[in-house]
Amino acid sequence: MRVLGVDPGLTRCGVGVVEGVAGRPLTMLGVGVVRTPADAELGLRLVAVEQGIERWLDEYEPEYVAVERVFSQHNVRTVMGTAQASAVAMLCAARRGIPVALHTPSEVKAAVTGSGRADKAQVGAMVTRLLRLSAPPKPADAADALALAICHIWRAPAQNRLQQAAARIGPDRAVAQNRLQQAAAAHAQNPASKGRTA
């Protein structure tokens, strides 16, 4: 499984590609940051983020894209920029038909470090260890992008099993309901059968 992790941001959008399967050693294929100038017009910054992510999709051809789920912060302006960059990443993936998964920061931290309250240094250290790197990726946005990809690789098998189970239950329930409705309709159309004993 090859996953592009995206830690969304307007000034620095972390990107990292990890390949592997749960339970086996993982391999980092690439890591970096898509940057935009803080003084540029918003539309141009979003275009720059799009172009940067498109380059990563072209080069690495991931099977999945994992994006950090935007959550409420005190700084509304920061949240808006993060949400806009997140939407651009999802749009780029959807345009190519690549499945997108959203993971919360605490979910990613828990998956990588064992604690949903881990700080950025702990995440960077664990990413370095898990991917057998010589040093933590810089800046922290890049390490966070790799952590997102790792999180998705490790959690995807369990999520897929849940989705498959839900898909099986859904049709089974629909079939049962359909049969009950047909039986009720048949019974209503044949009143002579009422009160008949075997």
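Residues numbered from 1 in each chain as written. Predicted model: local features only at pLDDT ≥ 70, side-chain atom pairs only at ≥ 80, totals over all residues. Heavy atoms only, no water.

### Notes on the side chain of Asp144
Along the chain, the position of Asp144 falls in helix α5 (residues 140–189). A distance of 2.4 Å separates a polar atom in the side chain of Asp144 from a polar atom in the side chain of Lys120. If sequence neighbours within four positions are ignored, Asp144 has contacts with Asp7, Lys120 and Val123. (Helix = DSSP H or I, 4+ residues; strand = E, 2+ residues; numbered from the N terminus. Polar contact = N/O pair within 3.5 Å; in protein donor to acceptor, adjacent residues only side chain to side chain. Contact = heavy atoms within 4.5 Å.)

### Focus on the packing of helix α3 (residues 105–113) against helix α4 (residues 120–130)
Viewed as axis vectors pointing N to C, α3 and α4 meet at an angle of 50°, and their least axial separation amounts to 9 Å. The pairing of α3 with α4 is recorded here as oblique in orientation. The two elements α3 and α4 cross, and the hand of that crossing is left-handed. For the pair α3 and α4, contact is made by Lys109, Val112 and Thr113 and by Gln122, Val123, Met126, Val127 and Leu130, respectively. Split into classes, the residues belonging to the contact of α3 with α4 amount to five nonpolar, two polar and one charged. (Axes fitted to C-alpha atoms, helices over the stretch in contact; angles between N-to-C directions. Parallel < 35°, antiparallel > 145°, perpendicular 65-115°, else oblique. Left-handed = near helix turned anticlockwise from the far one by under 90°. Nonpolar A, V, L, I, M, F, W, Y, C, P; charged D, E, K, R; others polar.)

### Considerations on the packing of helix α1 (residues 42–60) against helix α2 (residues 76–95)
Contact pair α1 / α2: the axes reach a minimum separation of 9 Å and the direction vectors enclose 40°. Viewed along their axes, α1 and α2 adopt a mutual orientation that is oblique. When the axes of α1 and α2 are compared, the crossing they make is right-handed. Contacts between α1 and α2 pair Leu42, Leu46, Val49, Glu50, Ile53, Glu54 and Leu57 from the former with Gln84, Ala85, Val88, Ala89, Cys92, Ala93 and Arg95 from the latter. Of the residues assigned to the contact of α1 with α2, the class counts are ten nonpolar, one polar and three charged.

### A look at α1
Compared with the 27 Å implied by 1.5 Å per residue over 19 residues, the 27 Å span of α1 between its first and last C-alpha is a close match. Residues of α1 that are buried: Arg45, Val49, Gly52, Ile53, Glu54, Trp56, Leu57 and Tyr60. Those residues of α1 that are buried are in contact with β1 (2–7), β2 (12–19), β3 (27–35), β4 (64–68) and α2. A distance of 3.0 Å separates the backbone nitrogen of Gly43 from a side-chain oxygen at the start of α1, and that oxygen is part of Glu41. One or two residues past the end of α1 sits Glu61, with phi positive at roughly 45°. (Expected span 1.5 Å × (residues − 1). Buried < 20%, exposed > 50% of the residue type's maximum accessible area, 1.4 Å probe, protein only.)

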